[in-house]
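Geometric and topological summary
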Amino acid sequence: MPFAGWRRPRLLGDSPWRAALRSVGDRVVRIAEEVVGQDIDARIAGIRTHPNEVGHDPFGFDPETSRYALAMAGLLHRRYFRTQVFGIDRIPEGRVLIVANHSGQLPIDAVLIASALMLDANPPRFPRSMVETWTAELPFISKLYPRLGQVVGSPENARRLLRQDESLIVFPEGAKGISKTFDQRYQLTDFGLGFVRLALETNTPIVPVAVIGGEEQYPSIADFKPLAKLLRMPAFPIMPQMFFGMVAPLPTKYRLYFGEPFRFAGDPDDEDSAVEEKVWLVKSTIQSMVNRGLRERKGVFI
Amino acid sequence: MPDPQPTRPTKPSARPGGEPVEGRPSARASVALGVFGDSSPPIAKPSHTSGVRPRPATEGAVLVTGICGRLGKLLARELHRSDTVVGVDRRPFVGRPKDITHHEVDMRRKKMKDIFRGRNIRAVVHVGVLHDPRRSDRERHSWNIVAFQKLLEYMAQYEVPKLVVLSGANVYGPQSNNPQFLTEDAPLLGAQHFGGMRDLVELDMIAQSFFWKHPSTDTVILRPCHIVGRVRNAASNYLRLDRPVMIMGFDPMMQVVHEKDVVRAIQLALRPGVRGIFNIRGPGEMPLSHLVRQAGGRPRVLPSPLARLALDQLWRLRLSSFPSQELDHLRYVCMVDDARAREELGYEPTHSIDRALRDLRRVRYLV
């Protein structure tokens, strides 16, 4: 078991449903281990977390659930999206903010960056990512996300995680970036300023990441705003592939480019204009990495 | 201090305008029920000892309100070894240590003032907060706010140098957008979805304003997470159930703290010079499902609307004492960061969760 003091709670193994579920999960893990060619449990055991006095992660990370999730993510990462990862050794030791462009209607880019950190980085890095606060109101999601190490996005949480030297995945574009329509593909929308202030405050290096391949997984021709408003969603994309009954994303080839880390110094409470300069630097770096990646690739699926 | 026998009601000449303390049947006998819903029969004769001379100014007593609650008793037993303890409660103090003076009065009565006037009070510990959701809003408000304001009035008048108020982490309220750990400056949104919390939030606010208005008094507000142990509060009663309800699809992280750790925190807060607001956390946090199982229960998982409906019905039929708004505690996190208490108060939880849950099981929960 990954944590020294971690115990499976009593009575958990009693229910036949759980036992069946666990055996299915174990099979998935075994298949994934064959495909990925790595020991999933060893990767999870290799990460450093900060368990509390009773052996639980204070943010709710659960290694048992995460091994199934990592197995699934590994299959997506290696088989379905055939991700190519460049420059992952540029991630420095200790606390780090991983800043990437957001795309693709569903946050598969986050899953793939996380899999790259877990499966491709050596030693494996435990990725935490900040999720929207309303996900905490959804049943099952609110239970699942913390177990996988996802944290509700709030500056206090981010500060606490960085102070304990964790790596944090941030998408400064937010919901605007992920719900872009196809005509705006690979054009970065406005970045929030919060992540740079956070980096300045906690003295954290920022690693820019360009994600190529996300925009074509769910091409959206329009955003049906009234329905989005009605359903209280950030956007309601109209995706042609849905009309052909294809619910799964298109199997595009993903490329992840990790850039050289930025180390900023300055006052975290500086005026917006001073912080914006640094944000612009990160954004333009990611944009140029995206542009270079797009020039280099020969096709969407190869 | 040897307990002087209750000989005769003294009427010291040093009490100008003071009404007779003794020899009057308790006008509050009809409402002298327990603060925590204890339904022991009220006794009409006040049991407190009189004839105690005010102590010299160097010592001073610690006044504990709500001393007859489980936590109050526990606190009194710890405190009376080193301090003079004066208790105030509407209930009789069963099993009172001999050197504790107990006044069986309603805090809203004028008699409270005599207690302040009669002796040198060094500190006031306010534990007598009414949490019972079955009581009417009016009574809760009158007890938690009016009585507390009276208490503060007397404290200001008699220049008591220390006030310790036991609030709770519930005043922050479980919210979906809470950070994982709430610091002391987080907004108090506990009453946002649960009106029953309104006067507890107000009580905390009143204590805060007293902190600013009377800088000569060291005011300490303690906000512990769910206190468990032999106490009879919502959290302990929930964990005492054999089949506690959990909401389908939710499993928030939970903090519990043993009652004795809270008592220890109060003792630390009583030291001179300590002031401010302190969150009190137990030894670690764990998912609710683990906590329930470790307490020996088997969760009954229900979808949220069904749980709400069922609980409302049970509440109406008096089969449960949990208002359905409290279900939010089973859905969202409401955990506190105790860094300040560790640094400034020197607080460290010493009782493990296992121990707390073992103690909890020793008391049965009866609706």
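Residues numbered from 1 in each chain as written. Chains lettered and ligands numbered in written order. Predicted model: local features only at pLDDT ≥ 70, side-chain atom pairs only at ≥ 80, totals over all residues. Heavy atoms only, no water.

**A closer look at the overall build of chain B**
- The secondary structure content of chain B amounts to 10 helices and 12 strands.
- The buried share of chain B, reckoned over its 367 residues, is 57%.
- By sequence separation, contacts in chain B at least 24 residues apart represent 76% of the contacts at least 6 residues apart.
- Approximately 15,600 Å² of chain B is accessible, and the part contributed by carbon and sulfur atoms is 52%. (Helix = DSSP H or I, 4+ residues; strand = E, 2+ residues; numbered from the N terminus. Buried < 20%, exposed > 50% of the residue type's maximum accessible area, 1.4 Å probe, protein only. Contact = heavy atoms within 4.5 Å. Areas by Shrake-Rupley, 256 points an atom, 1.4 Å probe, with all protein chains shown as cover.)

**A short note on a positive patch on the surface**
- A surface patch of positive charge is lined by Arg70(B), Arg230(B), Arg232(B) and Lys260(B).
- Residue position: Arg230(B) is located in the loop between strand E7 (226-228) and helix H5 (234-240). (Patch = residues over 30% accessible without salt bridge, like charges linked within 9 Å, V, L, I, M, F, W, Y side chains within 5 Å. Salt bridge = Lys/Arg side-chain N within 4 Å of Asp/Glu carboxyl O. Lys, Arg positive; Asp, Glu negative; His and termini not counted. Charge placed at Lys NZ, Arg CZ, Asp CG, Glu CD.)

**A look at the sheet that holds E7(B)**
All names here are of chain B.
- Taken in spatial order, the 3 strands line up as E7-E9-E11 in an open sheet, and their pairing is mixed. At either end of the open sheet lies a strand with only one pairing partner, and these are E7 and strand E11 (285-287). On average, adjacent strands in this sheet sit at an angle of 45 degrees to one another, irrespective of strand direction.
- The sheet contact formed by E7 and strand E9 (residues 253-258) spans 3 bridges and is parallel. When the bridges of E9 are listed, Ile 227 appears paired with Val 257.
- Running over the sheet, helix H6 (residues 259-269) touches E7 and E9 and is turned about 70 degrees from E9.
- Seen against the sheet, helix H10 (residues 353-361) touches E7, E9 and E11 and runs at an angle of roughly 70 degrees to E9. (Pairing = 2+ DSSP bridges. Axes fitted to C-alpha atoms, helices over the stretch in contact; angles between N-to-C directions.)

**Topic: the interface of chain B and chain A**
- Taken together, the 28 residues of chain B in the interface contact 29 residues of chain A.
- For the pairing of chain B and chain A, the buried interface totals around 2,300 Å² over both sides, and the portion due to carbon and sulfur atoms is 55%.
- Run the count over chain B and chain A and you get 4 salt bridges.
- Ionic pairing is found between Arg147(A) and Asp251(B), a salt bridge with its closest N-O pair at 2.8 Å.
- Counting residues per element, the ones that place at least two in the side of chain B that touches chain A are E11, helix H7 (288-294) and H10 of chain B.
- The leading source of residues in the side of chain B that touches chain A is H7(B), at 4 residues. (Buried area = accessible area lost by both parts, 1.4 Å probe.)

**Considering the pairing of strand E5 (residues 162-166) of chain B**
All names here are of chain B.
- Within E5, 5 of the 5 residues are buried, which leaves it mostly tucked inside the rest of the structure.
- Alternating positions in E5 separate into two faces, Lys 162, Val 164 and Leu 166 on one and Leu 163 and Val 165 on the other, with burial throughout.
- Relative to E5, strand E4 (residues 121-126) runs parallel, the two sharing 3 bridges. Considered in E5, the bridge of His 126 is made with Val 165.
- Where the polypeptide runs from E4 across helix H3 (residues 137-157) and back to E5, its parallel neighbour, the crossover connection is right-handed.
- Here E5 pairs with strand E6 (residues 218-224) via 5 bridges, running parallel. The partner of Val 164 across the bridge, within E6, is Val 220.
- Crossover handedness for the path E5 to helix H4 (residues 198-213) to E6: right-handed. (Right-handed = clockwise from strand over helix to strand, strands pointing away.)

**Remarks on H6(B)**
- In terms of burial, H6(B) is largely enclosed, as 8 of its 11 residues are buried.
- All buried positions along H6(B) are accounted for by Glu259(B), Asp261(B), Val262(B), Val263(B), Ala265(B), Ile266(B), Leu268(B) and Ala269(B).

**Details of the packing of aromatic side chains**
- Summed over all chains, the structure comprises 12 aromatic pairs over all chains.
- Summarising the aromatic geometry, the rings of Phe61(A) and Phe126(A) are spaced 4.4 Å apart at their centres and angled 50 degrees between planes, so their arrangement reads as tilted. You can see Phe61(A) sitting in the loop between helix H2 (40-45) and helix H3 (63-80) and its partner Phe126(A) sitting in the loop between helix H4 (108-120) and strand E3 (127-131), a full 65 residues away along the chain.
- The exposure class assigned to Phe126(A) is buried, which follows from its relative accessible area of 6%.
- When the ring centre of Trp143(B) is taken as origin, the NZ or CZ atom of Arg90(B), which lies over that ring, is 3.9 Å away.
- A cation sits over an aromatic face here: Arg331(B) above Phe250(B), 5.3 Å from the ring centre. (Phe/Tyr/Trp six-rings, centres within 6.5 Å; stacked < 30°, edge-to-face > 60°. Lys NZ or Arg CZ within 6 Å of the ring centre and 35° of its normal.)

**Quick notes on the packing of H3(B) against H4(B)**
All names here are of chain B.
- Axis separation between H3 and H4 bottoms out at 9 Å; the angle between their running directions is 10 degrees. Comparing the axis directions of H3 and H4 gives the class roughly parallel. Contact with H3, carried on its side by Arg 140, His 141, Asn 144, Ile 145, Phe 148, Gln 149, Leu 152, Met 155 and Ala 156, involves Asp 199, Leu 200, Glu 202, Leu 203, Ile 206, Ala 207 and Phe 210 of H4 and no other residues of that element.
- Counted by class, the contact of H3 with H4 contains 10 nonpolar, 3 polar and 3 charged residues. (Parallel < 35°, antiparallel > 145°, perpendicular 65-115°, else oblique. Nonpolar A, V, L, I, M, F, W, Y, C, P; charged D, E, K, R; others polar.)

**A word on the sheet that holds strand E9 (residues 255-258) of chain A**
Residues and elements named next belong to chain A.
- If you walk across this open sheet you meet the 7 strands as E1-E9-E6-E2-E5-E3-E4, and the pairing is mixed. Here the strands that pair on one side only, and so sit at the sheet edges, are strand E1 (84-86) and strand E4 (150-152). Geometrically, the sheet is characterised by an average inter-axis angle of 25 degrees between neighbouring strands, direction not taken into account.
- By the bridge criterion, 3 bridges tie E1 to E9 in an arrangement that is parallel. Across the sheet, Gln 84 pairs through a bridge with Arg 255, a residue of E9.

**Describing empty space enclosed by the protein**
Residues and elements named next belong to chain B.
- Per the counting criterion, the structure on display carries 4 cavities of 30 Å³ or more.
- Surrounding the second largest cavity, 13 residues form its lining, Gly 173, Pro 174, Gly 190, Phe 194 and Asp 328 being those nearest its centre.
- When its residues are assigned to classes, the lining of the second largest cavity shows 4 nonpolar, 7 polar and 2 charged. (1 Å grid on protein atoms, 1.4 Å probe; cavity = no way out; pocket = protein on both sides within 12 Å on 5 of 7 lines; lining within 4 Å. Points joined across faces, edges and corners; volume = space filled by probe spheres on them.)

**Considering the environment of His214(B)**
Residue and element names in this part refer to chain B.
- For His 214, the position within the fold is in the loop between H4 and E6.
- The exposure class assigned to His 214 is partly exposed, which follows from its relative accessible area of 26%.
- With 55 residues separating them in the primary sequence, His 214 and Glu 159 have C-alpha atoms 9.2 Å apart.

**Regarding the nonpolar core**
- Membership of the largest hydrophobic core comes to 78 residues, with the highest contact counts inside it found for Leu63(B), Met112(B), Phe116(B), Leu222(B) and Leu345(B).
- Aside from chain neighbours lying at most four places away, what touches Leu222(B) is Val164(B), Val165(B), Leu166(B), Ser167(B), Gly168(B), Ala265(B), Ile266(B), Ala269(B), Phe278(B), Ile280(B) and Leu345(B).
- Counting residues in each nonpolar core, the second largest holds 34 residues, with Phe59(A), Leu188(A), Ala199(A) and Leu200(A) among its members. (Core = buried A, V, L, I, M, F, W, Y, C linked by side-chain atoms within 4.5 Å.)

**Description of a nonpolar patch on the surface**
- On the surface, a nonpolar cluster with roughly 270 Å² of combined accessible area is contributed by Phe140(A), Met248(B) and Val301(B).
- Along the chain, the position of Met248(B) falls in the loop between strand E8 (245-247) and E9.
- Look at Met248(B) and you get partly exposed, because its relative accessible area is 33%.

**Points about the state of the cysteines**
Residues and elements named next belong to chain B.
- Per the counting criterion, the structure on display carries 0 disulfides over all chains.
- Here Cys 334 stays unpaired: no disulfide links it, and the sulfur of Cys 225, its closest cysteine neighbor, is 9.3 Å away.
- For Cys 334, a relative accessible area of 10% puts it in the buried group. (Disulfide = S-S within 2.5 Å.)

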